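Coordinate inspection notes
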Amino acid sequence: MNFIYDILVNFNNDLYDFFEWNINDDVSHIRKMPLVRVDTEILTKLMNFDIKCSKEDLKKFENKAEKFTSRNTEKIKYAILFSDCQDVLALTFNEYGQSTHISKLLIDEQEEVIDACGRCDKSKFEFTLLKPREFDNFKTRKQQEKSFYLLNALNKLEKNQEIDKLKYLYFECFNEKQSSIDIIINKLKEAIEIDKYEKVMSNFFKLISIN
């Protein structure tokens, strides 16, 4: 079994490039993690789908990864690095073999893994596809998080039937009155999806959260 030592990973539900890591992310300092060389087709599937690996592979990699803690090290029950010698991906799995979290690497550490991958033989890794991962290739992580915040705030107003606030926000965005709540909600959601009136909405929701 091949191992990579002393790297940083940022396990999340979504896949972020290193330049989109946030200061508040729970970045782990890995002491060691097994490396599996796969072909590009396999790596692409691992990046784009939630998967379930075979029981045999799950058992083979159990407790093989370790991370540093403040005082010592601790084992990560199921964590594996995958590479096709062009790109690198880290995945964690639950006890049922289902992929749970995903991470890219820092660019310099990715290059080190790619270099090590070139000295490894390809390995067979058996899995089934579960469902596609959700990606928005047209928005940065920051934009996605902002849209998520605005949609949640808008849904809260709708759920609480705060009609006057919805009408006020609509007027602030579109400079026109509208009595139909369905039209108000739909047009505001459409605006959020295309990052329109983001500043107006953000200021509005901050203001009503203070009052």
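Above this text is the structure in question.
So, here's what we can say about the structure.

Bringing helix H1 (residues 40–48) into the picture now. Taken as a whole, H1 has its buried residues at Leu 43, Leu 46 and Met 47. For H1, the angular spread of buried residues about the axis comes to 100°, placing them on one side. Tucked inside the fold, the buried residues of H1 contact strand S3 (49–53), strand S6 (79–83), strand S7 (88–93), strand S8 (99–103) and strand S9 (127–132).

In this section: the packing of aromatic side chains. The geometry of an aromatic ring pair comes down to the distance between the two centres and the angle between the two planes. This structure, assessed with the given rule, holds eleven aromatic pairs. Where Phe 3 meets Tyr 5, the ring centres are 6.4 Å apart and the plane angle is 40°; that geometry is what we call tilted. Considering the side-chain rings of Phe 125 and Phe 127, the 6.1 Å spacing of their centres and the 35° angle between planes classify their relative orientation as tilted. Each member of the pair, Phe 125 as well as Phe 127, carries the same accessibility label: buried. Here a set of aromatic residues connected by ring pairs shows up, and it is made of Phe 61, Phe 82, Phe 93, Phe 125 and Phe 127. For Lys 32, the ring lying beneath its charged end belongs to Phe 3, and the centroid distance is 4.7 Å.

Moving on, we come to unusual backbone geometry. Residues other than glycine seldom take positive phi values, yet Asp 6 does so here, at roughly 55°. Position of Asp 6 among the secondary structure elements: in strand S1 (residues 2–9). Assessed through its relative accessible area of 45%, Asp 6 is described here as partly exposed.

Attention shifts here to the environment of Ala 65. You can see Ala 65 is positioned in strand S4 (residues 65–68). Residue classification places Ala 65 among the buried positions, given a relative accessible area of 0%. Along the primary structure Ala 65 and Lys 131 are separated by 66 residues, whereas in three dimensions their C-alpha atoms are 26 Å apart. Other than its neighbours up to four places away in sequence, Ala 65 contacts Lys 32, Met 33, Pro 34, Glu 74, Lys 75, Ile 76 and Ala 79.

Right, let's get into helix H5 (residues 163–174). Because an α-helix packs 3.6 residues into every turn, residues spaced three or four apart end up facing the same way. Here H5 is twelve residues long and its end C-alpha atoms lie 16 Å apart, about the 16 Å a rise of 1.5 Å per residue gives. Taken residue by residue, H5 has Leu 166, Leu 169, Tyr 170, Cys 173 and Phe 174 as its buried positions. Looking straight down H5, one finds its buried side chains confined to an arc of 110°; they lie on one side.

Judged by how many residues are buried, strand S2 (residues 28–37) sits mostly within the fold: seven of ten residues are covered. Summarising the sheet, S1 and S2 pair through seven bridges and their orientation is antiparallel. Looking across to S2, one finds that Val 9 is bridged to Ser 28. Sheet topology note: the S2/S4 ladder contains two bridges and is antiparallel. Residue Lys 32 lies in a different strand from S4, and its bridge partner there is Glu 66. In this sheet, S6 lies alongside S2 in parallel orientation, the contact comprising three bridges. Counterpart to Val 36 in the pairing with S6 is Phe 82.

A separate point is empty space enclosed by the protein. Counted by the stated rule, this structure contains one cavity of 30 Å³ or more. Computed from the structure, the largest cavity encloses a volume of approximately 40 Å³. Every residue along the wall of the largest cavity is listed here: Gln 143, Lys 146, Ser 147, Leu 150, Ala 191, Ile 192, Asp 195, Lys 196 and Glu 198. Elements supplying a minimum of two residues to the lining of the largest cavity: helix H4 (141–159) and helix H6 (181–193). For the lining of the largest cavity, the per-class residue count stands at three nonpolar, two polar and four charged.

Thresholds applied
Residues numbered from 1 in each chain as written. Predicted model: local features only at pLDDT ≥ 70, side-chain atom pairs only at ≥ 80, totals over all residues. Heavy atoms only, no water. Buried < 20%, exposed > 50% of the residue type's maximum accessible area, 1.4 Å probe, protein only. Helix = DSSP H or I, 4+ residues; strand = E, 2+ residues; numbered from the N terminus. Arc of directions from axis to C-beta. Contact = heavy atoms within 4.5 Å. Phe/Tyr/Trp six-rings, centres within 6.5 Å; stacked < 30°, edge-to-face > 60°. Lys NZ or Arg CZ within 6 Å of the ring centre and 35° of its normal. Expected span 1.5 Å × (residues − 1). Pairing = 2+ DSSP bridges. 1 Å grid on protein atoms, 1.4 Å probe; cavity = no way out; pocket = protein on both sides within 12 Å on 5 of 7 lines; lining within 4 Å. Points joined across faces, edges and corners; volume = space filled by probe spheres on them. Nonpolar A, V, L, I, M, F, W, Y, C, P; charged D, E, K, R; others polar.

Keep in mind these values describe shape, not function.
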